[in-house]
Amino acid sequence: MAAFFAIRRSQWLNNAMVLVMVGSISILMTALLAWQIPITQQIQLSVGQVALDDIVAPVPISYESALLTERARERAAQSVPDQYDSSEGRVRRQQKNRAREIFDFMTIVRRDPYATSELQTDYLRAIDDLKLSAEEAFQIQELDDGEWASIVDETPLALDRIMAEEIRESTVTSARRRLPSLIDTDLSDEVSNLTIRLAGALIRPNSIFNATRTEELREAARSAVPVQLHSFARGETIIRAGDVATEDDVEALTQLGLLQSDWDWWVFLRAAIMSLLIITTTIGAIYRLRPSTLLNYQELAALAAIVVIWLLAAKLMILPHDWVPYLYPLAAMSMLITVLIDLRIAVVLIIAFSLTVHYLSNNNFLMVAYTALGALSGAIILGRAERLSTFLWAGFGVALSNLLTYMAFRTTSIELTTSSISHNAPLYFSIILNGGLSASVALIGYFVLGNLFNLTTSLQLSELSRPAHPLLRQLLLKAPGTYHHTIIVSNLAERAAAAIGVDALLARVGAYYHDIGKTVRPYFFTENILEGTSPHDKLDPTTSAQIIISHVTDGMDLAQKYHLPPRIRDFILEHHGHSLMQYFYRHAQRDAEEGETVDPEDFRYPGPYPRSKETAILLLADTCEAAVRSMRPGTREELEQLVNKLIDDRVAEGALNNCDLTFKDLQMIREVFIQVLQGVHHPRISYPEPVQRVEQQKPATPAANGHKPPPTGEPSPVKEIPGVEEDLPAAS
């Protein structure tokens with residue numbers, strides 16, 4: 001009862017809270033975008049500027065110079081020669097074998113009686129290792145067998161002699177120049193030249209550059225260099241007037257504490273303008289797309305917390321660094337907002353944070369596309385997250401989107417080679433890790449923020465939808481008629497919610513619990529009485545009305561006891577709105593003494609009327625299902641007339657004024673209700689009585705659905721107020 005009668009905060013307080021949150025975020029965002037070093041120094045000078053005055057050291061100082069240290073280490077690294085791995089024996093044997101294979105092939109070509117001279121030339125020129133010209137190929141064909149045998153014998157010998165030496169990639173040319181000195185001098189000039197040409201073409205490096213060992217030695221040389229110190233005596237000149245400031249000069253002035261880094265007010269103004277534009281457009285977009293968020297304290301608080309955390313993370317991670325910015329988990333924020341609030345809000349925040357990333361990264365469009373596309377992919381894949389496994393798939397989607405986006409922005413394919421990827425391994429690792437990091441952060445935040453701000457999540461709804469929940473078990477055991485009614489209403493609500501594009505899972509679970517208050521006094525409701533006298537016959541209309549109304553307040557007490565989420569409690573409160581119980585109100589008016597007035601407020605549900613599309617759908621589904629079950633229309637036309645009348649009556653009553661249902665939505669809801677109710681309450685065949693009973697007594701004419709109609713002259717109480725079954729006393 002306390003939960004139901006708690007006083008809601010006034011509108012001005014809600015507006016004040018929104019303004020405080022927005023103002024705080026605006027100030028924080030401006031401060032982060034304009035973050036500068038405080039004013040503590042005296043001299044303004046940067047690299048490349050001309051010094052206006054002589055600047056001397058006011059005190060003696062000796063400091064570790066990063067510039068001098070880096071230069072000394074670079075010199076030490078460059079003094080280490082390139083390292084090579086010798087594979088002379090293996091490469092020499094390989095090339096000698098290759099030479100024999102080539103000469104065997106060339107001998108076959110020379111001896112082929114069927115090949116023309118042109119074909120033989122083509123065969124010889126097709127040998128990739130030699131790259132012979134047409135003239136050289138023709139010379140080989142014209143050699144006699146003795147000359148060719150000399151080439152075949154001498155070339156491997158010359159190749160073996162030259163390959164016994166160390167040959168590097170850079171010394172192949174010089175090795176070829178030394179070949180003439182290794183050729184037998186008894187050979188003719190033509191044979192000697194061809195031997196030199198063929199042996200030279202087969203020379204390969206046998207000493208391979210070892211980049212890893214070279215880099216290790218150079219890194220060791222760098223590490224061996226101690227930190228370089230730079231000293232200034234008191235009064236020693238650091239830079240003279242008219243000199244151009246170098247990096248060393250600026251470093252010295254920084255170490256001495258002489259540089260002044262003034263606030264750049266233009267930077268602050270730019271940051272303030274950017275923050276104002278982003279926040280204003282974001283609030284406007286939320287107001288247009290999902291205004292209920294601005295009226296929901298839990299969602300606003302969660303949204304503010306998420307925005308603050310990700311703003312701080314953006315400032316700390318969007319840096320001029322090789323790989324740290326690529327770890328920024330904007331996708332985690334988008335997934336969190338999607339599952340906790342709504343996908344539309346997530347898209348708005350993705351755009352806002354993408355602009356923020358663009359500002360912080362100094363107009364780096366790669367980072368904008370990288371973060372925005374990854375965040376959109378994660379949010380779209382995750383959806384309502386009805387299963388935990390969807391977080392895993394969303395993480396995979398984010399990682400893939402990140403990798404493809406980065407590849408799309410590479411200017412050449414050389415940047416995607418194995419050596420380039422290996423050199424940038426931390427970067428690629430960060431890109432892929434971002435997907436797993438985003439999914440993990442989103443999953444942790446899903447549970448932490450959902451519980452902290454008492455937000456209804458899809459996993460909570462999935463747990464509540466299980467029939468083993470204590471409240472549903474009580475409803476089944478204590479009020480089976482209500483349970484059956486609840487199942488049909490949940491089907492109606494789910495189908496209608498899916499048809500108009502709202503949360504079907506929320507509508508179904510809310511329908512499960514909307515009548516749990518009836519478990520307190522189940523036999524005061526007609527659907528739970530199979531036979532016997534109605535307990536309302538012994539009560540006055542006011543007492544009966546209060547008992548019927550109490551199922552709403554009892555339901556709220558049970559919801560509080562079993563910790564049902566706020567969104568589910570709304571279904572309990574709003575499924576009757578503030579409607580009047582016509583049946584008992586009319587009876588009270590009829591029984592009132594002359595001059596006595598009956599207050600209609602005593603016969604109204606406490607309300608409020610539905611404030612969301614889901615609860616409005618439940619109100620209509622509850623009304624239509626109860627009326628159709630009571631009236632039992634015999635044809636589809638009668639069913640359509642009844643459903644249309646019930647919905648039109650609710651619209652005329654103003655029951656849907658506080659929700660966002662459109663006439664198009666209502667038309668779709670009508671069609672779904674008619675389709676489902678026709679399947680549930682379809683007319684059934686009336687079976688005839690046995691022949692012997694027909695002879696004894698003529699049965700009453702059954703109704704179209706096989707049930708006996710009410711006695712003539714007794715107006716059916718159901719028809720008086722169709723659709724509100726709990727308004728009716730149990731029929732005796």
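Just so we're clear, the structure is a prediction, and the values are computed from it rather than from any experiment. Starting from 1, residues in each chain are numbered consecutively following that chain's sequence as written. For this predicted model, a pLDDT threshold of at least 70 governs which residues receive local features, and a threshold of 80 or more governs which side-chain atom pairs are given and counted, while totals over whole chains, interfaces and linings are taken from all residues. The basis for the side-chain values is all heavy atoms of the structure; hydrogens and waters are excluded.

Novice: Before we go on, may I ask you to explain the overall build of the chain in this structure?
Specialist: Helix numbers and strand numbers start at the N terminus; a helix is a DSSP run of H or I with at least 4 residues, a strand a run of E with at least 2. When helices and strands are tallied, the chain shows 30 helices and six strands. Burial analysis of the chain (732 residues in total) assigns 45% to the buried set. Residue-level accessible areas treat just the shown protein chains as cover; the underlying method is Shrake-Rupley with a 1.4 Å probe. Per element, the accessible surface of the chain, about 38700 Å² overall, is 57% carbon and sulfur. Each residue is assigned to one of three classes by its accessible area relative to the maximum for its type, calculated with a 1.4 Å probe on protein chains only: buried under 20%, partly exposed between the two thresholds, exposed over 50%.

Novice: Sorry if this is basic, but what is going on with the nonpolar core here?
Specialist: Most often, soluble globular proteins have nonpolar side chains that are buried together. Note on terminology: a nonpolar core comprises buried Ala, Val, Leu, Ile, Met, Phe, Trp, Tyr and Cys residues joined through side-chain atoms within 4.5 Å. Residues Tyr513, Leu564 and Phe673 are the most contacted members of the largest nonpolar core, which totals 69 residues. It is helix 26 (residues 613-631) that provides the largest number of residues to this core, a total of nine residues. In this description, contact between two residues means that some pair of their heavy atoms is separated by no more than 4.5 Å. In this view, phenylalanine 673 contacts Leu492, Ala496, Ile617, Leu620, Ala621, Cys624, Val643, Ile647 and Gln678; residues no more than four positions away in its chain are not counted. Counting 67 residues, the second-largest nonpolar core is a separate cluster that includes Val324, Tyr326, Met367 and Ala442.

Novice: Looking at this structure, I do not really get the environment of arginine 168. What am I missing?
Specialist: For arginine 168, the position within the fold is in the loop between helix 6 (145-163) and helix 7 (172-177). For arginine 168 and isoleucine 208, which are 40 residues apart along the polypeptide, the C-alpha to C-alpha distance reads 6.7 Å. Once you skip the residues sitting within four places of it in the chain, arginine 168 turns out to touch Tyr84, Pro205 and Ser207.

Novice: For this particular structure, what's the right way to read the pattern of salt bridges?
Specialist: Salt bridge, as used here, is a side-chain nitrogen of Lys or Arg placed within 4 Å of a carboxyl oxygen of Asp or Glu. Evaluated as defined, the whole model comprises 35 salt bridges. One salt bridge connects arginine 204 with aspartate 129, and the closest N-O pair in it is separated by 3.9 Å. Taken together, the residues span a long stretch of sequence, with arginine 204 in the loop between helix 8 (189-201) and strand 4 (207-209) and aspartate 129 in the loop between helix 4 (117-125) and helix 5 (134-142) at a distance of 75 residues. Assessed through its relative accessible area of 28%, arginine 204 is described here as partly exposed. Linked by salt bridges that have partners in common, Glu74, Glu215, Glu219 and Arg222 make up one network.

Novice: Is there a simple way to think about the pairing of strand 2 (residues 61-64) in this case?
Specialist: It is a general feature of regular strands that their side chains alternate between the two faces of the sheet. Here strand 2 shows a clear split, with Ile61 and Tyr63 buried on one side and none of Ser62 and Glu64 buried on the other. Pairing between strands is defined by DSSP: at least two bridges between the two strands are required. Here strand 2 runs beside strand 5 (residues 229-232); their pairing, made up of four bridges, is antiparallel. Pairing of serine 62 across the sheet is with serine 231, part of strand 5.

Novice: Looking at this structure, I do not really get the packing of helix 21 (residues 480-500) against helix 22 (residues 504-513). What am I missing?
Specialist: The angle between the axes and the distance between the axes are what describe a pair of packed helices. Note on geometry: axes are lines fitted to C-alpha atoms, helical ones only across the stretch in contact, with angles between N-to-C directions running from 0 to 180 degrees. Between helix 21 and helix 22, whose axes approach to 8 Å, the crossing angle comes to 160°. As judged from the angle between their axes, helix 21 and helix 22 are roughly antiparallel. As for the relative orientation of helix 21 and helix 22, their crossing is right-handed in sense. Here Thr486, Ile487, Val489, Ser490, Ala493, Glu494, Ala497 and Ala498 of helix 21 lie close against helix 22, whose contacting residues are Ala504, Ala507, Arg508, Ala511 and Tyr512. Split by residue class, the contact of helix 21 with helix 22 holds nine nonpolar, two polar and two charged. Roughly parallel here means an angle under 35 degrees, roughly antiparallel means over 145, roughly perpendicular means 65 to 115, and every remaining angle is called oblique. In this scheme, a crossing is called left-handed if the near helix is turned counterclockwise away from the far one by less than a right angle; it is called right-handed if the turn is clockwise. Three classes are used, and their members are as follows: Ala, Val, Leu, Ile, Met, Phe, Trp, Tyr, Cys and Pro are nonpolar, Asp, Glu, Lys and Arg are charged, and the others, Gly among them, are polar.

Novice: Explain the packing of helix 20 (residues 470-478) against helix 21 to me, please; I cannot follow it from the model alone.
Specialist: Look at helix 20 against helix 21: their axes get within 5 Å of each other, and the N-to-C directions meet at 120°. Relative to helix 21, helix 20 is oriented oblique. In this structure, helix 20 contributes Leu472, Leu475, Leu476, Leu477 and Lys478 to the contact, and helix 21 contributes Pro480, Thr482, Tyr483 and Thr486. Classifying every residue of the contact of helix 20 with helix 21 by side-chain character gives six nonpolar, two polar and one charged.

Novice: Explain a nonpolar patch on the surface here, please?
Specialist: Among the surface-exposed residues, Trp266, Leu269, Ile273 and Leu277 lie close enough to one another that they form a single nonpolar patch of about 420 Å² accessible area. Relative to the helices and strands, isoleucine 273 is located in helix 11 (residues 265-289). Assessed through its relative accessible area of 42%, isoleucine 273 is described here as partly exposed. To count toward a patch, a residue needs a relative accessible area above 30% and no salt bridge. Like charges then connect within 9 Å, nonpolar side chains (Val, Leu, Ile, Met, Phe, Trp, Tyr) within 5 Å.

Novice: Sorry if this is basic, but what is going on with the side chain of serine 334 here?
Specialist: Tracing the sequence through the fold places serine 334 in helix 13 (residues 330-340). Two N or O atoms count as a polar contact when they lie within 3.5 Å, although within protein this holds only if one can serve as hydrogen donor and the other as acceptor, and sequence-adjacent residues are included solely when both atoms are side-chain atoms. Separated by 2.8 Å, the side chain of serine 334 and the backbone oxygen of alanine 375 make a polar contact. Setting aside anything within four residues of it in sequence, one finds serine 334 in contact with Ala346, Ile350, Ala375 and Ala379.

Novice: Explain the confidence of the model for the chain to me, please; I cannot follow it from the model alone.
Specialist: As a note on interpretation, predicted positions should not be read in detail where pLDDT is low. One number per residue, pLDDT, summarises how confident the predictor is, and it ranges from 0 to 100. The predicted model of the chain averages 82 in pLDDT, with 86% of residues at 70 or higher. When the criterion is pLDDT under 50, residues 1-10 qualifies, and its contacts beyond four places in sequence or with other chains add up to 13 contacts. Of the regions scoring below 50 in pLDDT, residues 693-732 engages in 74 contacts with residues more than four places distant in sequence or in other chains.

Novice: How should I be thinking about helix 22 in this particular structure?
Specialist: Think of an α-helix as 3.6 residues a turn; residues three or four steps apart then line up on the same face. Within helix 22, ten of the ten residues are buried, leaving the element largely enclosed by the surrounding structure. Within the sequence span of helix 22, burial applies to Ala504, Leu505, Leu506, Ala507, Arg508, Val509, Gly510, Ala511, Tyr512 and Tyr513. Lining the buried residues of helix 22 we find helix 19 (458-464), helix 20, helix 21, helix 24 (566-574) and helix 26. One side-chain oxygen at the N-terminal end of helix 22 lies 3.2 Å from the backbone nitrogen of leucine 505; it belongs to aspartate 503.

Novice: Looking at this structure, how should I read helix 12 (residues 297-317)?
Specialist: Helix length check: helix 12, at 21 residues, gives a terminal C-alpha distance of 30 Å against a target of 30 Å (1.5 Å per residue), a fit within 8%. Here helix 12 starts with a cap whose side-chain oxygen sits 3.1 Å from the backbone nitrogen of glutamine 298, and that cap is asparagine 296. What a helix should span is 1.5 Å times the count of its residues minus one.

Novice: Looking at this structure, I do not really get the side chain of serine 275. What am I missing?
Specialist: Along the chain, the position of serine 275 falls in helix 11. Beyond its immediate sequence surroundings of up to four residues, serine 275 is in contact with Ser26, Met29, Thr30 and Leu33.

Novice: Honestly, the packing of aromatic side chains in this entry has me stumped. Any pointers?
Specialist: The pairing test for Phe, Tyr and Trp rings, Trp by its six-membered ring, is centres within 6.5 Å, and the orientation test on the planes gives stacked under 30 degrees, edge-to-face over 60, and tilted for anything in between. Evaluation of the coordinates by the stated rule reveals ten aromatic pairs. Their ring planes at 50° and their centres at 6.0 Å tell us that phenylalanine 365 and phenylalanine 409 sit as a pair that is tilted. One end of the pair, phenylalanine 365, is in helix 15 (residues 365-382); the other, phenylalanine 409, is in the loop between helix 16 (389-408) and helix 17 (418-423), and 44 residues separate them in sequence. Measuring from ring centre to ring centre gives 6.0 Å for tryptophan 393 and phenylalanine 396, while their planes differ by 55°; the resulting arrangement is tilted. One end of the pair is tryptophan 393 and the other is phenylalanine 396, both in helix 16 and three residues apart, which spans about a single turn. The class of tryptophan 393 is exposed, set by a relative accessible area of 55%.

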